[in-house]
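Reading the structure
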Amino acid sequence: MIKIVQFGEGNFLRTFVDLYFDTLNKEGGDYKVNIVKPITFGSLENFDKQNNKYHIVLRGVKNGKDVEDVYKVDVLEGTVSPFEDIDKYYALAVEDDLKIIVSNTTEAGICYHEEDKFDGFENITYPAKLTKFLYTRFKAGKEGLYMMPVELIDNNADELYSCVDKYIKLWNLGADFKKWNDEQNYYCNTLVDRIVSGNPKDEQTKNHLIELIGEDDKLVSVGEPFGLWAVENKGEISKYIKEGVHNIEVVLADSIKYYKKRKVRVLNGSHTNIVPVGLWKGAITVYDCMKDATLSKFLEDTLNEDIVPFVSNDIEATKVFAESIKGRFLNPYLNHQLVSISLNSISKWRARDLPSFKDYYESHGKIAPHLTIGFSYLMAIYKSVVKKDDGKYYVKLPTREIELKDDIPYLEYFANGGCVIDFMKDVNVWGEDLTSYNGFADAVKQNVKTILSGENII
């Protein structure tokens, strides 16, 4: 048996990673996934109610025909909330059959906080929690693991290793543990690509899925048929991760830099940049944006001018990929909610759009026009944040009110009247001072003022 510990219980992991391992089982493999809830937010109640079984529905268009394929997933062995049962969490660490750790804690999840304490847990970072998990395994004399983070940051596994290494030093866990981590654990950079809209929000789709599946599945998740997982080939990972098409296409490569850069910039970057614009203009889903002439042209111009020319030297190949992305965004079945994509928008813009913005600036000596507009709408939304009596943060858009979810310090900053330009200067937020780009601060300041006054800038 090959066991996987998965930090995260969200729709993407279940629709991508878990479906992959479940497919391997149906092909004759022997895999079991154990889910660990990495943060206090959310509940594992539905997993218990459904005996850790659920359905995935892949909806889209293949060869000009509508497809709607249903998969029953039963690869999950169990779920663990370490905040309620820490002993069960550490028991996973010493399993002989454990080989792989997968995580999806969003772009903001892989980070290091020097104030984290070894005897803490609830408020420490994911890499800190992982360090304690690995330390338990090391002390038990067990062999190393393969770390396969799927967070959409550059060199995600390298960053995860760096954080773990810092915690080993911060907490004085010893040279032997560091040696074990360096030599026996493999941190494999990965790239994942599948659009997942998750659990449907509208009653019509919910009822349709109940009829399609034959039961009311509270964990059902919807995704597109396309799927790609590029994994850095290290150690003997090919024993556990099988290449080829197993619901998703899996590639083991010495370097995944091209796959990562292309996907993060073209798909995720265009996604992230159009979300605040679409929200402000009343769109509900990505499909709505693509069917709106103004929004679809904005997305196409963003790709053609601000993103595609800076992905690789083979611009034509990147254009082909960008065209395929537009086709995937036009999938009418995904119902990909803009509000859902807006989760942690600040770290997403930094990871997905800032690199293209910088490349454009270095190439042209001026700010990227369409990425600047997207950022301006993003800042207009955050500038409009208010905190209500329920402790949640809301934004009143021209057509509706939405709840905004991001790091609490960011939301608090704007809810208390924080200045957009000062926020742009915060190196801790962006990794650099965004106002250092000539003309960026002035453009954003004027754009935000125009947007909040009710006028259009696209």
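Everything below is about the structure shown above.
Residues numbered from 1 in each chain as written. Predicted model: local features only at pLDDT ≥ 70, side-chain atom pairs only at ≥ 80, totals over all residues. Heavy atoms only, no water.

1. Some remarks on the overall build of the protein chain
Heads up, the rule is: Helix and strand assignments follow DSSP, with helices taken as H or I runs no shorter than four residues and strands as E runs no shorter than two, numbered in order from the N terminus. As a reference, a globule follows 2.2 Å times the number of residues to the power 0.38, and the radius of gyration itself is taken over C-alpha atoms. Buried means the residue's accessible area, taken with a 1.4 Å probe over protein chains only, is under 20% of the maximum for its type, while exposed means over 50%, and partly exposed covers the values in between. Only the protein chains shown count as covering a residue, and every accessible area follows the Shrake-Rupley method with a 1.4 Å probe. For the purpose of counting charges, residues Lys and Arg are taken to be positive, whereas Asp and Glu are taken to be negative. His and the chain ends are not included. Charge positions come from single atoms, namely NZ of Lys, CZ of Arg, CG of Asp or CD of Glu.
Helices and strands together make up the secondary structure of the protein chain, namely 20 helices and 17 strands. By the compact-globule yardstick of 23 Å for 458 residues, the protein chain fits well, its C-alpha radius of gyration being 22 Å. Along the longest, intermediate and shortest principal axes, the C-alpha atoms of the protein chain span 60 × 55 × 50 Å. Going through the 458 residues of the protein chain one by one, you find that 55% of them count as buried. Accessible surface, the protein chain as shown: approximately 19500 Å² in total, 46% of it carbon and sulfur. Taking the average place of the 57 positive charges on the side chains of the protein chain and the average place of its 71 negative ones, the gap between the two points comes to 1 Å.

2. Side note on the pattern of salt bridges
Spelled out, the test is: Salt bridges, as used here, are contacts in which a Lys or Arg side-chain nitrogen is within 4 Å of a carboxyl oxygen on Asp or Glu.
Per the stated rule, a full pass over the model turns up 26 salt bridges. Notably, a salt bridge pairs R328 with E224, separated by 2.4 Å at the nearest N-O pair. Placement of R328 in helix α12 (residues 315-329) and of E224 in the loop between β11 (221-223) and β12 (228-232) is noted, with a sequence separation of 104 residues between them. No difference in accessibility class separates R328 from E224, as the two residues are buried. Overlapping salt bridges bring together D165, K169, K178 and D182 as one network.

3. So, the sheet that holds strand β10 (residues 196-198)
Keep this limit in mind: In this analysis, strands are considered paired if DSSP registers two or more bridges between them. To define axes, lines are fitted to C-alpha atoms, for helices over the stretch in contact only, and angles between the resulting N-to-C directions are given on a 0 to 180 degree scale. Two residues form a contact once any of their heavy atoms are found within 4.5 Å.
Taken together, the 4 strands give an open sheet; going across it, the order is β4-β3-β11-β10, and neighbouring strands pair in mixed fashion. Two strands in the sheet have a free side with no partner beyond their single neighbour: β4 (65-73) and β10. Each neighbouring strand pair of the sheet contributes to a mean axis angle of 20°, computed without reference to strand direction. By the bridge criterion, 3 bridges tie strand β3 (residues 54-62) to β11 in an arrangement that is parallel. Looking across to β11, one finds that V57 is bridged to V222. Where helix α2 (residues 17-26) meets the sheet, its contacts fall on β3 and β4, and the angle it forms with β4 comes to roughly 75°. Each of β3, β4 and β11 touches helix α8 (residues 203-213); the most contacted strand, β3, lies at about 105° to it.

4. Section: the pairing of β3
Along β3, 7 of the 9 residues are buried, which leaves the element largely enclosed by surrounding structure. Inspection of the sheet shows β3 paired to β4 by 9 bridges, in the antiparallel sense. Looking across to β4, one finds that G60 is bridged to V67. If you look at the hairpin formed by β3 and β4, you'll find 2 residues sitting between the two strands, and N63 has a positive phi there, around 50°.

5. A word on the packing of helix α9 (residues 257-280) against α12
The geometry of a pair of packed helices is captured by two quantities: the angle between their axes and the separation between those axes. Note the threshold: Throughout, the term roughly parallel applies to angles under 35 degrees, roughly antiparallel to angles over 145, roughly perpendicular to angles from 65 to 115, and oblique to all others. Take the far helix as the reference: if the near one is turned anticlockwise from it by less than a right angle, the crossing is left-handed, and if turned clockwise, right-handed. Under the convention adopted here, Pro, Cys and the residues Ala, Val, Leu, Ile, Met, Phe, Trp and Tyr are nonpolar, Asp, Glu, Lys and Arg are charged, and Gly plus all remaining residues are polar.
It is at 10 Å that the axes of α9 and α12 come closest, and there the two elements cross at 40°. By the angle class used here, α9 and α12 are oblique. Both α9 and α12 take part in a crossing whose hand is right-handed. Every residue of α12 that contacts α9 at R262, K263, V266, L267, S270 and H271 is listed here: T318, F321, A322, I325, R328 and F329. Looking at the contact of α9 with α12 residue by residue, the classes come out as 6 nonpolar, 3 polar and 3 charged.

6. What to know about helix α16 (residues 369-383)
Because each turn of an α-helix spans 3.6 residues, side chains separated by three or four positions in sequence point in the same direction. Note the following rule: By this rule, a helix spans an expected 1.5 Å times one less than how many residues it contains.
End to end, α16 covers 21 Å across 15 residues, agreeing with the expected 21 Å (1.5 Å per residue, within 8%). In terms of burial, α16 is a largely internal element, 13 of the 15 residues being buried.

7. Remarks on unusual backbone geometry
With phi around 60°, N52 is a residue other than glycine that occupies positive phi space. Mapped onto the secondary structure, N52 falls in the loop between α3 (45-49) and β3. Even without being glycine, N247 reaches a positive phi, approximately 75°. Judged by relative accessible area, N247 falls into the buried class, the value being 19%.

8. Quick look at the side chain of N247
Rule in force here: For this analysis, a polar contact is any N or O atom pair within 3.5 Å, provided that within protein one partner can donate a hydrogen and the other can accept it, and provided that sequence-adjacent residues contribute only side-chain to side-chain pairs.
With respect to the helices, strands and loops of the structure, N247 is situated in the loop between β13 (244-246) and β14 (248-253). A polar contact of 3.5 Å, which involves the side chain of N247, links it to the side chain of Y71. Engagement of the side chain of N247 in a polar contact is seen with the side chain of R194, the distance being 3.1 Å. Contacts of N247, omitting those with residues within four sequence positions, involve L19, T23, L58, Y71, R194 and P225.

9. Quick notes on the packing of aromatic side chains
The test is simple: Two aromatic rings, drawn from Phe, Tyr or Trp (for Trp, its six-membered ring), form a pair once their centres lie within 6.5 Å of each other, and the interplanar angle then sorts them: stacked below 30 degrees, edge-to-face above 60, tilted otherwise.
Inspection of the entire model under this criterion finds 41 aromatic pairs. Judged by centre distance (5.0 Å) and plane angle (85°), the rings of Y413 and F414 are edge-to-face. Given a relative accessible area of 28%, Y413 falls into the partly exposed group. A residue is classified by how much of its surface remains accessible, and F414, at 2% relative accessible area, is buried.

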